[in-house]
Amino acid sequence: MPWSLRSIYHSILLSLVFLGPVSRAIEPKAQVVSNDLYRLHFFHTHTRERLNIVYRDGEGYNQDSLARLDSYLRDHRTGEIHEFDPRLFDLLHELTAMLGNPDLEIDVVCGYRTPWSNEFLRTRGRGVARHSLHMQAMAIDIRVPGIPTAQLRDVALALHRGGVGYYPASDFVHVDVGRVRRW
């Protein structure tokens, strides 16, 4: 697998910044490379809610915005909220930027899942992992209107930032901040 200087730099930076479990008590900080705002636009396909939010700037993560994202991405079956790994939001931001427009709206198919919801889905369908990273708030299932899911998958794979699952029949892509893998 060829590594570019940029991907090596990102890997080293992410290793230094996010070494160990993510905790809001010790806020994860990215090195300041610009004063850009990190904004995400969402539409949740189950709750029909929209969210347009700046969750980070050149100084770091905004704790109030992270809490709003946690609430927005709650388990839509139970209403339970879980603290998300902020690296997932960075991955989504980079994904939309790589698609050519960081202001693209992302359709959320599934965010956080309680163990109950995960087991409910796992026993009634296919493709739901017993130990899904959705239950650790480290994964999200998405689509981007106007972008074919195969293209979304290819861009996510090119980022080498975690797991990427492709579900063409259901028209969504799973991305997570676990180990790099694909299915």
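See the structure printed just above.
The present account deals with the structure reproduced in this document. The shown structure was predicted, so the numbers you read here are calculated from the model rather than taken from an experiment. (Residues numbered from 1 in each chain as written. Predicted model: local features only at pLDDT ≥ 70, side-chain atom pairs only at ≥ 80, totals over all residues. Heavy atoms only, no water.)

All right, on to the nonpolar core then. Counting residues in hydrophobic clusters, the biggest one holds 39 residues, and the most contacted among them are Phe42, Leu92 and Ile140. Breaking this core down by element, the ones donating at least two residues are β1 (38-44), β2 (50-57), α2 (63-72), α3 (86-98), β4 (105-110), β5 (139-143), α5 (149-159) and β7 (172-176). (Core = buried A, V, L, I, M, F, W, Y, C linked by side-chain atoms within 4.5 Å. Buried < 20%, exposed > 50% of the residue type's maximum accessible area, 1.4 Å probe, protein only. Helix = DSSP H or I, 4+ residues; strand = E, 2+ residues; numbered from the N terminus.)

Below, the discussion takes up the sheet that holds strand β3 (residues 60-61). Strand-to-strand pairing in sheets goes through backbone hydrogen bonds, with the strands running parallel or antiparallel. One open sheet holds the eight strands; their spatial order is β3-β2-β1-β4-β5-β7-β6-β8, and the pairing between them is mixed. Each having just a single partner strand, β3 and β8 (181-182) make up the two edges of the open sheet. Inspection of the sheet shows β1 paired to β2 by six bridges, in the antiparallel sense. Following the sheet pairing, His41 is matched in β2 by Asn52. With respect to the sheet, α2 is in contact with β1, β2, β3 and β4, its orientation differing from that of β2 by roughly 145°. (Pairing = 2+ DSSP bridges. Contact = heavy atoms within 4.5 Å. Axes fitted to C-alpha atoms, helices over the stretch in contact; angles between N-to-C directions.)

All right, on to unusual backbone geometry then. Even without a glycine there, the phi angle at Arg48 is positive, about 65°. Inspection of the secondary structure assignment puts Arg48 in the loop between β1 and β2. Positive phi values are uncommon outside glycine, yet Ala137 reaches one of about 55°. Looking at Ala137, the relative accessible area reads 0%, which means it is buried.

Another point: the environment of Leu40. Within the fold, Leu40 resides in strand β1. A relative accessible area of 1% means that Leu40 is categorised as buried. When the C-alpha atoms of Leu40 and Leu104 are compared, they prove to be 8.0 Å apart, with 64 residues separating the residues in sequence. Setting aside its immediate chain neighbours within four residues, Leu40 contacts Leu51, Asn52, Ile53, Tyr55, Phe89, Leu92, His93 and Ile106.

All told, the structure shown has seven aromatic pairs when counted by the stated rule. One aromatic cluster in this structure is built from Tyr38, Tyr55, Tyr61, Phe84 and Phe89. Above the ring of Tyr38, the side-chain terminus of Arg56 is found at 3.9 Å from the ring centroid. In this arrangement the basic side chain of Arg153 is found over the ring face of Tyr166, its NZ or CZ atom lying 4.2 Å from the centre. (Phe/Tyr/Trp six-rings, centres within 6.5 Å; stacked < 30°, edge-to-face > 60°. Lys NZ or Arg CZ within 6 Å of the ring centre and 35° of its normal.)

Position of Ser65 among the secondary structure elements: in helix α2. Reaching out from Ser65, the side chain makes a polar contact with the backbone oxygen of Val54 at a distance of 2.8 Å. Contacts of Ser65, omitting those with residues within four sequence positions, involve Ile53, Val54 and Tyr55. (Polar contact = N/O pair within 3.5 Å; in protein donor to acceptor, adjacent residues only side chain to side chain.)

With that out of the way, let us pick up the packing of α3 against α5. Interhelical geometry of α3 versus α5 gives an angle of 120° and a closest axis separation of 10 Å. Between α3 and α5, the crossing angle belongs to the class labelled oblique. In terms of crossing hand, the pair formed by α3 and α5 is right-handed. Contact with α3, carried on its side by Leu91, Glu94, Leu95 and Met98, involves Leu152, Val155, Ala156 and Leu159 of α5 and no other residues of that element. When the residues that make up the contact of α3 with α5 are grouped by side-chain class, the tally is seven nonpolar, no polar and one charged. (Parallel < 35°, antiparallel > 145°, perpendicular 65-115°, else oblique. Left-handed = near helix turned anticlockwise from the far one by under 90°. Nonpolar A, V, L, I, M, F, W, Y, C, P; charged D, E, K, R; others polar.)

Function cannot be read off these values alone, since they describe shape.
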